[in-house]
There are 2 protein chains.
Amino acid sequence: MSHPHPELSPPPELPEGGLRIVALGGLGEVGRNMAVLEYDGRLLIVDCGVLFPEDTQPGVDLILPDFEYIADRMDDVEAIVLTHGHEDHIGGVPYLLRLRRDIPILGSQLTLAFVTAKLKEHRITPVTQVVKEGETRKVGVFDLEFVAVNHSIPDALAVAITTGAGTVLHTGDFKMDQLPLDGRITDLRGFARLGEKGIDLFMVDSTNAEVPGFVTPEAEIGPVLDDVFHQSDQRIIVASFSSHVHRVQQVLNTAHAHGRRVALVGRSMIRNMGIAAELGYLNVPDGVLIDLKKIDSLRDDQVVLMCTGSQGEPMAALSRMANGDHKIQVNYGDTVILASSLIPGNENAVFRIINGLMRLGARVVHGGNAKVHVSGHASAGELIYCYNILRPRNVMPVHGEVRHLIANGALAVKTGVPPERVVLAEDGVVVDLVDGKASVVGAVPCGYVYVDGTSVGEVSDSELKDRRILSEEGFVSIFAVVDTATGKVIAGPQILARGFAEDESVFDEIQPKVVEALEEAIAKGATDAHQLQQIMRRVVGRWVSNRLRRRPMIVPVVVEA
Amino acid sequence: MSHPHPELSPPPELPEGGLRIVALGGLGEVGRNMAVLEYDGRLLIVDCGVLFPEDTQPGVDLILPDFEYIADRMDDVEAIVLTHGHEDHIGGVPYLLRLRRDIPILGSQLTLAFVTAKLKEHRITPVTQVVKEGETRKVGVFDLEFVAVNHSIPDALAVAITTGAGTVLHTGDFKMDQLPLDGRITDLRGFARLGEKGIDLFMVDSTNAEVPGFVTPEAEIGPVLDDVFHQSDQRIIVASFSSHVHRVQQVLNTAHAHGRRVALVGRSMIRNMGIAAELGYLNVPDGVLIDLKKIDSLRDDQVVLMCTGSQGEPMAALSRMANGDHKIQVNYGDTVILASSLIPGNENAVFRIINGLMRLGARVVHGGNAKVHVSGHASAGELIYCYNILRPRNVMPVHGEVRHLIANGALAVKTGVPPERVVLAEDGVVVDLVDGKASVVGAVPCGYVYVDGTSVGEVSDSELKDRRILSEEGFVSIFAVVDTATGKVIAGPQILARGFAEDESVFDEIQPKVVEALEEAIAKGATDAHQLQQIMRRVVGRWVSNRLRRRPMIVPVVVEA
């Protein structure tokens, strides 16, 4: 297998008849999935998602793929293909369309409904083209064929992309539940047919490549929910993802069977389930839904509340319920079901909620004590099936951290793909498919693009570093006014601190030393405000470090009057 | 079971002949374990540990138990009993001894060796008394009996405390490995004997109460290590906790069997293993240890490096190796073993390291793909054994978050302890054992005490809130000099920002408005600097919110000249 992070130069020109693939996100992280394919000077984009920030990126709302590589080539883009409607595959579309609004977007009916609703919030009306499994489309030089795949959202598609360079199969996110609720399985007969014709490059979901075996069928959750409902004689609150139509379906069915009614809680849950019901992806049993405002007319054992917040998001309904800070009050004896996986990194937040709910006397059912969630991504056993059915000539693991990509590549090798035909690449690495062989030929710059409030790309890594310092140490600011004529400090130094040493009298002893240092420097000829600021920084910084053993950010300002 | 967080008032006076128990840490969190027992006006302390901060407590080094409750009663303290040598049980001792240096400390040989080494760094020489399993001691009104327990550090002890109010058994941390490496099992015969005499209150470790079944024996790790060593023909790096003597023992043994030599890396690892070897808890096979400086004389397949950093601590050796930022270079084909549990909350940091090591080409063996770690805490199955052997009259789960305490209480009830005899309490809750019944009688204040650098208790929750705001939004400071005689702004406003909008020209447009607002206010009679500062805060705050859609901390300073 190739090394995932060789020292790479800018790529050479793409040879005629070759296909170039560059991921602008999703290789080396779980999120912001986006791949750009180039053939004969034309571009095709597969997915454009967002990544959610970690705690080392404070204040950041979202992270986008880096569009820099294609920013001045927007007219070459034939289309965007969206594999499914999850945020990590569609969330970046509004930002990409700011560069060119009329790029055609292809996807399944539900996927396009979700992205259209999202674009409406950004006041963009997209140019869309609904496609279905089994259908083909020609967009410029790219021949597309769509293949049904099963995932934790309905209507997901894989896409086979054929050019003069051969055929690429991109799975999007998928798993191989053989008995899914809606009967729509990953189309292995389609995979087999494509395999017989020949797959030159297989771009395949790596998220669960480290997990041995097979994902439990979604259908097995129903009986578990039924069991939990049976044991509950008060309110039941279920938290999950707002796009997990099948999970909500199971909750509606179980509630219906137990004579309970379900109130949807939260904007995204109501919006998405509205879309899914309207398009026929969610079957709402007659009369099972009730408006949240009307639940007080029901007995507690007739109520189910379906909300988001299962990942510990502090502003979501569940977190506020756990804090006793939401109009829905959790009472002793209520049951709360977290019907979702615990995404790594969210443990503290989720356990804080579980502790809060248990403290209020709720019984909390979660992945740790009951089978109330299954993953949406193929495990190792399923991936091996795929490799054997497809027998791809080259493999490029996508969607995952380095450890996932490497694990997925190792599975390919186990099934007989030659190691030199497994391409391990990270974001920005340029892979060319030429004469039937895929190889790394270089790299383009591909950084993190931060969305913070309404600003995109304005928050830099250096600002994030400042934020980390501020969060760990706080800051001290020092103001002084200097009369340049007399060389005297005529006002200040005023010293104040935040995030540490809030009792500012601690600074009394350093103030005269700052004045002394400034006046001495002026006497020696220093006049420039910048110079004087550096002197204040040094005097106060040293003193804080020696006397208080801290290293806050020091922000000096000298004004000349 | 009692409710863990009733609305509680200060407790009434302790009735004569009653025993009072107050945990100043460890109930509601995993860490800073400390219990204070009071009988006849005298106090006994069991453990005094630290808690490590979460990401919502930026810049905090440690969190201590809140000593406030006993601060003015230090002369009543008969002794501190330490159950074992882990930081979450001994780390707070140096801070407690600042209140009174000569409190006698009782503990096993290894525990006292660890705490003495720690106290030496704080330049404190403690008054210690070594005790052994099976021994009894009388300290004032408290009759103590020590019982061997098995844990992830050698020489751990449970303690039975008898007063006129009855007998309390406190387990400390423990599990019930029936075939431990050193043959020292949790003394269930001792438990049985105490049970026959009668346990009035059982204070019992809750950490793993949610985990069904039994902990795998430590001895089963040896063969797994052996296997990994067999498959490795380059360097092997093992990361674990610096106090896990038995784990290090297994690494030494396996290395010896494979003709490899082990270099210990890191101050705490070298110090602790030095102590353990000197006291006979670690048996170092002849010639297996080698100084880190000398490993270059060995072939790669003769080397094992034993280090810390398995929890992703950014400054530890392992993290720096993963970043290519340590003198020990990780090469393609090296093996890295993370022989420790993944403590919840550390996932991001640990996976960042795993990704970094795999990117360098290392094979990484960890709990997710091999049985290279077992927990040190009794699982549900073991706890049930204990309850059945002891048949305690009252139970008070200790050491855990709310969810752990509740799960442990439920196990007690399953074995026949009446629910009203299970006391669920959080930090500061006062539990009295009177006439054979334990009950919650009130609460005392018990907050988090933060250690940040050399300061203890100086960082407040409001400062941490400031730090969180700073980390998410950055700050804007505004400085102006006002001539009170003329009512004019004679210097400034100087506006600067950190953590957002580093290009300060963005503030050009607001500067004249600040001047205008200030001069208008002065014209209307405002003279007080505080008043003028509020005006600057309002003007700039509104503008930043409307124009830039951000909510940074706003720090205004007006100086009158």
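Predicted, not measured: the structure shown is a model, and the values here were computed from it. (Residues numbered from 1 in each chain as written. Chains lettered and ligands numbered in written order. Predicted model: local features only at pLDDT ≥ 70, side-chain atom pairs only at ≥ 80, totals over all residues. Heavy atoms only, no water.)

A. Here's a closer look at the overall build of chain A. From N to C terminus, chain A includes 15 helices and 25 strands. Within chain A, the proportion of its 561 residues that are buried is 59%. In chain A, once contacts between residues fewer than 6 apart in sequence are set aside, the share between residues at least 24 apart is 72%. For chain A, the separation between the mean place of its 53 positive charges and that of its 73 negative charges on side chains is 3 Å. (Helix = DSSP H or I, 4+ residues; strand = E, 2+ residues; numbered from the N terminus. Buried < 20%, exposed > 50% of the residue type's maximum accessible area, 1.4 Å probe, protein only. Contact = heavy atoms within 4.5 Å. Lys, Arg positive; Asp, Glu negative; His and termini not counted. Charge placed at Lys NZ, Arg CZ, Asp CG, Glu CD.)

B. Quick peek at the nonpolar core. Membership of the largest hydrophobic core comes to 90 residues, with the highest contact counts inside it found for Leu-37 and Leu-144 of chain A. Apart from the residues within four sequence positions on either side, Leu-37 of chain A is in contact with Leu-19, Arg-20, Ile-21, Arg-42, Leu-43, Leu-44, Val-46, Phe-142, Ile-161 and Val-168 of chain A. Counting residues in hydrophobic clusters, the runner-up holds 89 residues, among them Met-321 and Leu-338 of chain A together with Phe-191 and Leu-201 of chain B. (Core = buried A, V, L, I, M, F, W, Y, C linked by side-chain atoms within 4.5 Å.)

C. Structural detail: the UniProt feature "active site" (unreviewed entry) in chain A. Residues and elements named next belong to chain A. The feature "active site" (unreviewed entry), as given by UniProt, occupies Asp-205 and His-377 in the numbering adopted here. The greatest C-alpha distance among the residues just named is 7.5 Å, despite their covering 173 residues of sequence, which places them together in space. Those residues in contact with Asp-205 that lie beyond four places of it in its chain are Thr-171, Gly-172, Asp-173, Phe-174, His-377, Leu-383, Val-398, His-399 and Asn-408. Within the secondary structure, His-377 is located in the loop between strand 17 (363-365) and helix 11 (380-390). The class of His-377 is buried, set by a relative accessible area of 15%. With sequence-adjacent residues up to four places away left out, His-377 is seen in contact with His-151, Asp-173, Phe-174, Lys-175, Asp-205, Thr-207, Asn-208 and Val-215. A polar contact of 2.8 Å, which involves the side chain of His-377, links it to the side chain of Asp-205. (UniProt positions renumbered as here; feature names shortened; annotations may be inferred. Polar contact = N/O pair within 3.5 Å; in protein donor to acceptor, adjacent residues only side chain to side chain.)

D. Main features of the UniProt feature "binding site: Ca(2+)" (unreviewed entry) in chain A. All names here are of chain A. Within this structure's numbering, the places UniProt gives as "binding site: Ca(2+)" (unreviewed entry) are Gly-59, Asp-61 and Asp-452. As for its position among the elements, Asp-61 is in the loop between strand 3 (42-46) and strand 4 (62-64). Its relative accessible area of 40% is what places Asp-61 among the partly exposed residues.

E. Representation of the interface of chain B and chain A. Chain B puts 59 residues into the contact, and the matching count from chain A is 59 residues. On the chain B side of the interface with chain A, the three residues burying the most area are Arg-359, Arg-403 and Phe-479 of chain B, jointly 12% of the side's total. Summed over the shared surface of chain B and chain A, the number is two salt bridges. Glu-426 of chain A is paired through a salt bridge with Arg-359 of chain B; the nearest N and O atoms lie 2.8 Å apart. Put simply, the parts of the chain that give the side of chain B that touches chain A at least two residues each are helix 9 (347-359), helix 11 (402-414), helix 12 (461-473), strand 23 (475-483), strand 24 (488-498) and strand 25 (553-560) of chain B. Examining the composition of the side of chain B that touches chain A, we find that eight residues originate from one element, helix 9 of chain B, more than from any other. A per-class count over the side of chain B that touches chain A returns 24 nonpolar, 18 polar and 17 charged. (Buried area = accessible area lost by both parts, 1.4 Å probe. Salt bridge = Lys/Arg side-chain N within 4 Å of Asp/Glu carboxyl O. Nonpolar A, V, L, I, M, F, W, Y, C, P; charged D, E, K, R; others polar.)

F. Structural context of the sheet that holds strand 15 (residues 303-307) of chain A. Residue and element names in this part refer to chain A. Spatial strand order, 14-15-13-16-17: five strands in an open sheet with parallel pairing. At either end of the open sheet lies a strand with only one pairing partner, and these are strand 14 (261-264) and strand 17. Taking the axes of each pair of neighbouring strands and ignoring which way they run, one obtains an average angle of 20° across the sheet. The pairing of strand 13 (residues 236-239) with strand 15 spans four bridges and is classified as parallel. Among the inter-strand pairings, Ile-237 is bridged to a residue of strand 15, identified as Leu-305. Each of strand 13, strand 15, strand 16 (335-338) and strand 17 touches helix 6 (residues 221-230); the most contacted strand, strand 16, lies at about 165° to it. (Pairing = 2+ DSSP bridges. Axes fitted to C-alpha atoms, helices over the stretch in contact; angles between N-to-C directions.)

G. Examining the packing of helix 4 (residues 109-121) of chain A against helix 8 (residues 267-278) of chain A more closely. Residue and element names in this part refer to chain A. One can describe the packing of helix 4 onto helix 8 by two numbers: an axis separation of 10 Å at closest approach and a directional angle of 135°. Taken together, helix 4 and helix 8 sit at an angle that is classed as oblique. Crossing of helix 4 against helix 8: the hand is right-handed. Each of Leu-110, Ala-113, Phe-114, Ala-117 and Glu-121 in helix 4 lies in contact with helix 8, whose residues at this interface are Arg-267, Arg-271, Asn-272, Ile-275 and Ala-276. Its residues assigned to classes, the contact of helix 4 with helix 8 shows six nonpolar, one polar and three charged. (Parallel < 35°, antiparallel > 145°, perpendicular 65-115°, else oblique. Left-handed = near helix turned anticlockwise from the far one by under 90°.)

H. Representation of the relation of the copies chain B and chain A in the model. The transform that puts chain B on chain A rotates by 180° and translates by 0.1 Å along the axis, for an RMSD of 0.1 Å. Taken together, the turn and the small shift mark the pair as related by a two-fold rotation axis. Closest to the rotation axis within chain B is the C-alpha of Ser-471 of chain B, separated from it by 2.4 Å. Taken as a fraction of all interface residues of chain B, those also at the interface in chain A reach 98%, which identifies the copy contact as same-surface. (Least-squares fit on C-alpha atoms with pLDDT ≥ 70 in both.)

I. Summary view of helix 6 (residues 245-257) of chain B. Residues and elements named next belong to chain B. The terminal C-alpha atoms of helix 6, which comprises 13 residues, lie 18 Å apart, in line with the 18 Å expected from a rise of 1.5 Å per residue. When you tally the buried positions in helix 6, you get 10 out of 13 residues, the bulk of the element. Within the span of helix 6, buried status applies to Val-245, His-246, Arg-247, Val-248, Gln-249, Gln-250, Val-251, Leu-252, Thr-254 and Ala-255. Of the surrounding secondary structure, the elements contacted by the buried residues of helix 6 are helix 5 (221-230), strand 13 (236-239), strand 14 (261-264), helix 7 (267-278) and strand 15 (303-307). (Expected span 1.5 Å × (residues − 1).)

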